[in-house]
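What the coordinates show
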Amino acid sequence: MSVKKLWIEKLQTNGMRITAQREAIVDILLDSEKALEPLQVFELTHNTHPSIGMVTVYRTMECLAELGLLQKVHQESGCNKFLKVKEGHNHLLICNRCGKAIYFEGLDLETQFEEIARKNNFTMQDHWLQLGGICQQCQLVSA
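Let me sum up the structure you'll find in this document. (Residues numbered from 1 in each chain as written. Predicted model: local features only at pLDDT ≥ 70, side-chain atom pairs only at ≥ 80, totals over all residues. Heavy atoms only, no water.)

A contiguous nonpolar patch, built from L93, I102 and L131 and spanning about 230 Å² of accessible area, is present on the exposed surface. Position of L93 relative to the elements: it lies in strand β3 (residues 91–95). (Patch = residues over 30% accessible without salt bridge, like charges linked within 9 Å, V, L, I, M, F, W, Y side chains within 5 Å. Areas by Shrake-Rupley, 256 points an atom, 1.4 Å probe, with all protein chains shown as cover. Salt bridge = Lys/Arg side-chain N within 4 Å of Asp/Glu carboxyl O. Helix = DSSP H or I, 4+ residues; strand = E, 2+ residues; numbered from the N terminus.)

Structure, rendered in structure tokens:
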């Protein structure tokens, strides 16, 4: 089963009616290598589906996040962007200018996180590591 079919099936199972607009939203999110704000998804979808509403975009993206298919990416501005989830446990490196996102793995920080939690009388359930910076392409543009 393709990833798109899986996402569509999960949306349907969650009670969402599948329309051409929702399929277009899914296509944009699956094709993007960047974290996107709902407004960006709306603008990209609006080009081919002028009747789409922002509410459809927000509801679809929130539902995909609740289903574990999209990850919310926190920004300094407070506005959340969304990024498709990669399988397995990964961390995120994101460009603060263009939103390009790269998942990476290989850091074994679990022991340190558990120690921090223990010292503060917490039981750690999960963690999310997000590093911000400027990607090579944006560095070249500003040079």
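Moving on, there is more to tell.
Another aspect to go through is the sheet that holds β3. Spatially, β4-β3-β5 is the arrangement adopted by the three strands of the open sheet, whose pairing is mixed. Only two strands of the sheet have a single neighbouring strand rather than two, namely β4 (101–104) and β5 (130–133). In this sheet, adjacent strand axes meet at a mean angle of 20° when their direction is disregarded. Summarising the sheet, β3 and β5 pair through four bridges and their orientation is parallel. Bridge pairing links C95 to G133 in β5. (Pairing = 2+ DSSP bridges. Axes fitted to C-alpha atoms, helices over the stretch in contact; angles between N-to-C directions.)

Let us look at unusual backbone geometry. Most peptide bonds are trans, and most residues other than glycine sit at a negative phi. The backbone of N121 shows a phi angle near 55°, a positive value even though the residue is not glycine. Here N121 lies in the loop between α5 (110–119) and β5. Here N121 falls in the exposed class, since its relative accessible area comes to 75%. (Buried < 20%, exposed > 50% of the residue type's maximum accessible area, 1.4 Å probe, protein only.)

This part covers the packing of helix α2 (residues 20–31) against helix α4 (residues 54–66). Each pair of packed helices gets described by two things: the angle between the helix axes and the distance between those axes. Direction vectors running N to C along α2 and α4 enclose 55°, while the axes themselves pass 10 Å from each other. Viewed along their axes, α2 and α4 adopt a mutual orientation that is oblique. Considering only the axes of α2 and α4, their crossing is right-handed. For the pair α2 and α4, the contacting residues are R22, I25, V26 and L29 in the first and T56, V57, R59, T60, M61 and L64 in the second. When the residues that make up the contact of α2 with α4 are grouped by side-chain class, the tally is six nonpolar, two polar and two charged. (Parallel < 35°, antiparallel > 145°, perpendicular 65-115°, else oblique. Left-handed = near helix turned anticlockwise from the far one by under 90°. Contact = heavy atoms within 4.5 Å. Nonpolar A, V, L, I, M, F, W, Y, C, P; charged D, E, K, R; others polar.)

Before going further, it helps to spend a moment on the side chain of R22. With respect to the helices, strands and loops of the structure, R22 is situated in helix α2. Despite its burial, R22 remains without a salt bridge, the nearest opposite charge being carried by E23 at 10 Å. Excluding its chain neighbours within four sequence positions, the residues that come into contact with R22 are M16, R17, T56, R59 and T60. (Lys, Arg positive; Asp, Glu negative; His and termini not counted.)

Given a rise of 1.5 Å per residue, 13 residues ought to cover 18 Å, and the 18 Å separating the end C-alpha atoms of α4 matches this to within 8%. Close packing links the buried residues of α4 with α1 (3–13), α2, α3 (38–46), β1 (70–73) and β2 (81–84). A positive phi of about 80° marks G68, the residue just after α4. (Expected span 1.5 Å × (residues − 1).)

Here we take up the nonpolar core. Judged by nonpolar contacts, the single largest core of 21 residues is most densely connected at W7, L29, L64 and L70. Within the residue set of this core, elements represented by two or more residues are α1, α2, α3 and α4. Ignoring sequence-local partners within four residues, the contact set of L64 consists of W7, L11, V26, L29, L69 and L70. Residues A35, L83, I94 and Y103 belong to the second largest nonpolar core, which totals seven residues. (Core = buried A, V, L, I, M, F, W, Y, C linked by side-chain atoms within 4.5 Å.)

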